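Reading the structure
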Amino acid sequence: MELRLDRKSPTEVEADALIVLEFEEFSSLPKGYEPMREVGELKGKPKEFALLHHVPGYHAHRILMAGAGPKQKFHSSDLRTTIASAVRFLKARHLGNVAMVLPEDLSTPEHVSAATEGAILGDFECDRLKSDHADDTPLGSFHIVVDGGSDGLEQGLKRGRILAESQNFARALGNEPANLLTPTVLADRAQAMARETGIGVEILDEARMLELGMGSLLGVSQGSAEPPAMIVLRYEPKHAPAGKTRLGLVGKGVTFDTGGISIKPADKMDQMKFDMCGAAAVIGAMRAIALLEPPIPVIGICPSVENMLGSKAQRPGDIVTSLSGKTIEVLNTDAEGRLILADAITYAQQLGCTHLVDAATLTGAVVVALGHHHTGLFATDDALLDRWKHATEHEGERMWQLPLGPEYREQLKSGYADIANIGGRDGGAITAAMFLKEFAGETPWIHLDIAGTAWNEKSKPDLAEGATGVLVRSFATLAANWRD
Ligand code: BES
Ligand code: ZN
Ligand code: ZN
């Protein structure tokens, strides 16, 4: 897609369609179209669109009036979703050369970034494996028309492109079916990305994990013919950082979750190809981090396995020894995410991470609790939580904090090992988090349960069906804004 800033008058821009924001408080309709507002055909509400053809005085073939809501409350996140929805509206009509007018008071790097992200995210479709692409016209060009503006605007464009392309990279990984995206293939993709962006990469294979003692992860992968992989991506800033921070991002990479011997029902089991979206978010974020060059070192750690059943599979009641030395009684083989994350978290600590954030499609229980609009958030450190809230609010990614506490740890007591891997139905997302906390220990840590937010079952006005790439932007922004 050709992407650029156009310092022209809106009337002179050539495009299939020129997007103009329409706010609630006042109208931006071109001269002669005011009655549309008067009769209530257009109110300036979000998700409202009106396509005007051959508007006198404009070179663009059409003007798309895009409802933007109250100007007073308009956040850069609203610009991202408005542009994404507008782009999808136009794509559905086979209009691929698009421009938008950025109002003068919104001509900031932040808004340019958000608009760019909207265009790139809205353009994404999950049709790679369809023979017929006729219904998807990818954007040929997206121009942001600004009136003057500073040099910083080019930086905004660059940032937006990095974030959104990294998020789309994660979405594409998420959408791949499990026959095509095994742990080995996921590791290959991460490796290729690392080579392209110049960051460090190491893939631990089964033998190495056995040598290190990752018994918790290996117990999950032993039922699959596909070998596991521990993907380690390393970003080091060019200039030695002032502080001692080493941020660790950990992502669950189960390329398919059958449930194992504690097998899942057939209905919707296909969706368990998305069980690697935590890893995809980390890999996507590491791509963005490599290109944005934040001031702190960041390590991305993605344990990847396939959770299968068969004569070699782990049984309920099996006891495994994790990398931390703690023993775990596996009472349900479907609670596998926490088993692979336990070893990844310990490994992250061994690599010197001072702060940890993990992302995982961990529990059905978090979907019952929060539905599909908020990611479940758990935290053990207020300072890290504060940084995280700033990043997610800036990126418009919604989180809802759930509690941790020793009373929930009671549910994980095992008669035979240090801890059991399930704690019953009640508070299922919380007991899963408490299990991880056992391994995170004193390291400041945030756990994000993205089981409800990692994919859309149906397409939305601003986002295609399939993997959402949730957390890629927040992770990258957390690192980019970090000052010790
Ligand atoms: N990958 C699933 C969680 C999941 C379920 C994600 C539905 C998205 C939608 C996870 O590995 C799992 O199976 N968790 C179990 C835990 C239970 C056995 C304690 C669950 O949530 O049912
Ligand atoms: Zn499972
Ligand atoms: Zn799972």
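Note that the structure is a prediction, hence the values are computed from the model and not measured.

On to the coordination of the zinc ion (ligand 2). Coordination of the zinc ion (ligand 2) by the protein comes from Asp257 (OD), Asp334 (O), Asp334 (OD) and Glu336 (OE), over a distance range of 2.0 to 2.2 Å. Geometry at the zinc ion (ligand 2) is irregular, judged from the six donor atoms that bind it and their angles of 70 to 166° at the metal. Mapping the donors of the zinc ion (ligand 2) onto the primary sequence gives the spacing D-x76-D-x1-E. A separation of 3.2 Å is found between the zinc ion (ligand 2) and the zinc ion (ligand 3), which share aspartate 257 as a coordinating residue.

Turning next to helix 13 (residues 428-440). End to end, helix 13 covers 19 Å across 13 residues, agreeing with the expected 18 Å (1.5 Å per residue, within 8%). In terms of burial, helix 13 is largely enclosed, as 11 of its 13 residues are buried. Looking one or two residues beyond helix 13, the residue adopting positive phi is glycine 441, at roughly 55°.

On to the packing of helix 4 (residues 152-175) against helix 14 (residues 472-480), then. A pair of packed helices is captured by two measures, namely the crossing angle of their axes and the spacing between those axes. Where helix 4 contacts helix 14, the two axes come as close as 9 Å, and the packing angle between them is 135°. By the angle between their directions, the pair helix 4 and helix 14 is classed as oblique. For helix 4 against helix 14, the interelement crossing comes out right-handed. On helix 14, the residues touching Arg159, Leu163, Ser166, Gln167 and Ala170 of helix 4 are Val472, Arg473, Ala476 and Thr477. For the contact of helix 4 with helix 14, the class distribution of residues is four nonpolar, three polar and two charged.

On the protein side, the zinc ion (ligand 3) has Lys252 (NZ), Asp257 (OD), Asp275 (OD) and Glu336 (OE) as donor atoms, found 2.0 to 2.4 Å from it. On the primary sequence, the residues serving as donors to the zinc ion (ligand 3) are separated as K-x4-D-x17-D-x60-E. Accessibility expressed as a relative area gives 1% for lysine 252, which makes it buried. A residue is classified by how much of its surface remains accessible, and aspartate 275, at 2% relative accessible area, is buried.

The rules behind these values
Residues numbered from 1 in each chain as written. Chains lettered and ligands numbered in written order. Predicted model: local features only at pLDDT ≥ 70, side-chain atom pairs only at ≥ 80, totals over all residues. Heavy atoms only, no water. Donors = N, O, S within 2.8 Å, 3.2 Å for Na, K, Ca; no water. Tetrahedral: all angles 85-135°; square planar, octahedral: opposite > 155°, others 65-115°. Helix = DSSP H or I, 4+ residues; strand = E, 2+ residues; numbered from the N terminus. Expected span 1.5 Å × (residues − 1). Buried < 20%, exposed > 50% of the residue type's maximum accessible area, 1.4 Å probe, protein only. Axes fitted to C-alpha atoms, helices over the stretch in contact; angles between N-to-C directions. Parallel < 35°, antiparallel > 145°, perpendicular 65-115°, else oblique. Left-handed = near helix turned anticlockwise from the far one by under 90°. Contact = heavy atoms within 4.5 Å. Nonpolar A, V, L, I, M, F, W, Y, C, P; charged D, E, K, R; others polar.

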